[in-house]
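Breakdown of the fold
The residues making up each chain are set out below.
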Amino acid sequence: MPVPTPTTPRLLQAAQWILDPVSYLSTNFKHYGDLFAAPLVYGSDEPVLLVNEPKAMQYLLTHDMGKEFTTPGEPLLEPLVGRQSLMLLSGTPHRHRRQLVMPAFHGEHLKAYGQVMMQVSQNVIQQWPVNTSLDVRQAMQQMTMRMILQVVFGLYQGDRYAQLERLLSLRLDMLSSPLSSAILFVPWLQKDLGAWSPGGRTRQLAAATDQLLFAEIQARRTQPEGDRSDILSLLLAARDETGDGLTDQALRDELMTLLLAGYETTATALTWALYWIHRLPDVKHQLLTELDAVADPTDPNQFLSLPYLAAVCNETLRIHPVAMLTFPRRVTVPIELCGYHITPGTLLQGCIYLIHQREDLYPQPAEFRPERFLQRQFSPYEFLPFGGGVRRCIGYALAQYEMKLALGTILTQIDLDLLNQNPVLPGRRGITLGQGTPVKVRKRGARSPAKTPLFS
Ligand code: HEM
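A few points on the structure. Source: prediction; values computed, not measured.

**Some remarks on the overall build of the protein chain**
- A tally of helices and strands in the protein chain yields 17 helices and 11 strands.
- Within the protein chain, buried positions represent 54% of all 456 residues.
- If you take every contact in the protein chain between residues at least 6 apart in sequence, the share linking residues at least 24 apart comes to 72%.
- As displayed, the protein chain offers around 19,800 Å² of accessible surface, 56% of which is attributable to carbon and sulfur atoms.

Below, the structure written as structure tokens:
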């Protein structure tokens, strides 16, 4: 039996996927269920099979055939992150690069970032004006950009960092709507037709960003500082078995990967979290009561183990997974999936969005209900905002830590109000899923702690 394939013309499907990915996925899931073919592969006629069922997802992420990342994503990602990025490596070079970069995201390194990330959130919220409208997305972008600059470079202040912050924000803002995101999917839009064409503008920004990154790499090569624990220092010191280090180009590609993957994603997640917290008074009340009971709110570790805060972060990433899909994996052996025979060469992608919307796992999936995560444990194939297997997001622990610290700091210190009670729907932002309309809040001033205890 062939895998179900939507009958809508290919071009129309591509347009739906670019302009309204959530409707595209939900409509096809209703018609075709756990596995269906979709023409999502950039610049190719080859369909990809979307996996929307936990057992099949487990197979996809853990079976041998899921180990190779394949070429179809490259034309989409390469202009952003470069050919030598971890994201585009596969096999042994991929494994080696992961081994090199992973330590910087765990253990003592992660703990060390906590204090600085908290300081960054405090510095940023102090600058928010009282009683005026604040665009949450922009504010969260600024916060997470500074956090990631700190993690990657060990610094976020100074002329070079200010310029990097500006250029990276401009570059990603060019993808802020579904229509402008089309540049990623339509090859002719990427052509350089002069300074004001989208392709020309992207190239200008890329060249200016590269200049800054190469200058930073050069400065660090000539003046290495032994005791730094940032990622660039780690990458500069790394050697392969023949004693060779990474080239400037490989370093540049890795820095770009971490900067882009690391700030846009977390900014989106935080924006959604603040939206839901301020839209649902019960959620806000429970969260504030838990936060107010923290003995020392200046200690970042205290925010790590709060159950309701963790549940709010998880529910945010469940209802609006920033990455709708895992990276593609190519089947190298014949397999059976959801009762279908899949031949070698077929491309598969896990659909995180559709798994997170399954009624059988998450009753009333459109409702924001953090209690789900207090009432039951989900397997890594039922709840997988960071993907899984050998390509699981390298920044998953950092992103969760950032979310908890940023929310903890913001909510314990200032009083915010949503300016508009209309529902905000998800919409495409580049290759990710962001907000369809801006989330705006008003800062009312400093917050006084909640009076009612949550647990008596
Ligand atoms: C809420 C925040 C984030 C979300 C939802 C997210 C989600 C994801 C997902 C779904 C993948 C693909 C996994 C797969 O195919 O199985 C991924 C890969 C990746 N992420 Fe994240 N991510 C987030 C934050 C970060 C941060 C903070 C960093 C680093 C600073 C980061 C760096 C990466 C890298 C380098 C990869 C590629 C890994 C590889 O190919 O081996 N991400 N992320």
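**What to know about the pairing of strand β7 (residues 347-350)**
- Going residue by residue along β7, you find L347 and Q349 tucked away on one face and L348 and G350 tucked away on the opposite face as well.
- Across 4 bridges, the pairing between strand β2 (residues 48-51) and β7 is parallel. Along β7, the bridge assignment pairs V48 with L347.
- Here 2 bridges tie strand β4 (residues 329-330) to β7, and the two strands are oriented antiparallel to one another. Counted as the bridge partner of R329 is L348 from β7.

**Quick look at the nonpolar core**
- Counting residues in each nonpolar core, the largest one holds 119 residues, and the members touching the most others are W128, M140 and F153.
- Top contributing element to this core by residue count: helix α12 (residues 248-279), with 17 residues.
- Listed in part, the 16 residues of the second largest apolar core include W17, V22, F36 and L354.

**Section: the coordination of the iron atom of the ligand**
- Protein coordination of the iron atom of the ligand is limited to a single donor, C393 (SG), positioned at 2.3 Å.
- Here C393 is to be found in the loop between α16 (372-375) and α17 (396-413).

**So, the site of the ligand**
- In the vicinity of the ligand lie 27 residues, with H94, R98, R329, R391 and C393 positioned nearest.
- At 3.1 Å from an oxygen atom of the ligand is found a main-chain nitrogen or oxygen belonging to G388.
- The set of elements that each furnish at least two residues to the shell around the ligand consists of α5 (91-101) and α12.
- Looking at the shell around the ligand, the element that brings in the most residues is α12, giving 5 residues.

**Details of the packing of aromatic side chains**
- Under the defined criterion, the tally for this structure stands at 10 aromatic pairs.
- Through successive ring pairs, a cluster of aromatic residues spans W272, Y275, W276 and F368.
- When the ring centre of Y362 is taken as reference, the NZ or CZ atom of R318 above it lies at 5.0 Å.
- For R428, the ring lying beneath its charged end belongs to W17, and the centroid distance is 4.7 Å.

**Section: empty space enclosed by the protein**
- One pass over the structure, following the stated rule, counts 2 cavities of 30 Å³ or more.
- Within this model, the second largest cavity holds a volume of roughly 30 Å³.
- Lining the second largest cavity are H278, K284, L288, L411, I414, D415, L416 and R447.
- Of all the secondary-structure elements, those providing two or more residues to the lining of the second largest cavity are α13 (281-292) and β8 (414-418).
- For the lining of the second largest cavity, the element with the highest residue contribution is β8, accounting for 3 residues.
- A class-by-class count of the residues in the lining of the second largest cavity yields 4 nonpolar, 1 polar and 3 charged.

**Remarks on the pattern of salt bridges**
- Applying the stated criterion to the full structure yields 20 salt bridges.
- Put simply, R146 and E165 hold a salt bridge, and the shortest N to O gap is 3.3 Å. Taken together, the residues R146 in helix α7 (residues 136-153) and E165 in helix α8 (residues 159-173) connect sequence positions 19 residues apart.
- For E315, the salt bridge identified is with R372, shortest N-O distance 3.0 Å. Here the residue E315 occupies a position in helix α14 (residues 307-319), and R372 occupies one in helix α16, the gap between them amounting to 57 residues.
- Overall, the relative accessible area of 0% leaves E315 in the buried class.
- For R372, a relative accessible area of 5% puts it in the buried group.
- Linked by salt bridges that have partners in common, R160, E216, R220 and D230 make up one network.

**So, α14**
- Over its 13 residues, α14 runs 18 Å from end to end, which matches the ideal 18 Å to within 8%, given 1.5 Å per residue.
- Counted residue by residue, α14 has 11 buried out of 13 residues, so it is predominantly covered.
- Listed as buried for α14 are Y308, L309, A311, V312, C313, N314, E315, T316, L317, R318 and I319.

**Details of helix α2 (residues 21-32)**
- Here α2 contains 12 residues, and its C-alpha end-to-end distance of 16 Å stays within 8% of the 16 Å for a straight helix at 1.5 Å per residue.
- Considered for burial, the residues of α2 that qualify are P21, V22, Y24, L25 and N28. Taken around the axis of α2, the buried residues stretch over an arc of 165 degrees, which confines them to a single face. With respect to the buried face of α2, the exposed residues turned more than 90 degrees away are K30 and H31.
- Following α2 by one or two positions, G33 has its phi on the positive side, about 80 degrees.

**Looking at unusual backbone geometry**
- For C338, which is not glycine, the phi dihedral falls at a positive 50 degrees.
- Of note, Q364 is a non-glycine position whose phi angle comes to about 45 degrees, a positive value.
- By relative accessible area, which is 41% here, Q364 ends up partly exposed.

How each quantity is defined
- Residues numbered from 1 in each chain as written.
- Predicted model: local features only at pLDDT ≥ 70, side-chain atom pairs only at ≥ 80, totals over all residues.
- Heavy atoms only, no water.
- Helix = DSSP H or I, 4+ residues; strand = E, 2+ residues; numbered from the N terminus.
- Buried < 20%, exposed > 50% of the residue type's maximum accessible area, 1.4 Å probe, protein only.
- Contact = heavy atoms within 4.5 Å.
- Areas by Shrake-Rupley, 256 points an atom, 1.4 Å probe, with all protein chains shown as cover.
- Pairing = 2+ DSSP bridges.
- Core = buried A, V, L, I, M, F, W, Y, C linked by side-chain atoms within 4.5 Å.
- Donors = N, O, S within 2.8 Å, 3.2 Å for Na, K, Ca; no water.
- Near = heavy atom within 4 Å.
- Polar contact = N/O pair within 3.5 Å; in protein donor to acceptor, adjacent residues only side chain to side chain.
- Phe/Tyr/Trp six-rings, centres within 6.5 Å; stacked < 30°, edge-to-face > 60°.
- Lys NZ or Arg CZ within 6 Å of the ring centre and 35° of its normal.
- 1 Å grid on protein atoms, 1.4 Å probe; cavity = no way out; pocket = protein on both sides within 12 Å on 5 of 7 lines; lining within 4 Å.
- Points joined across faces, edges and corners; volume = space filled by probe spheres on them.
- Nonpolar A, V, L, I, M, F, W, Y, C, P; charged D, E, K, R; others polar.
- Salt bridge = Lys/Arg side-chain N within 4 Å of Asp/Glu carboxyl O.
- Expected span 1.5 Å × (residues − 1).
- Arc of directions from axis to C-beta.

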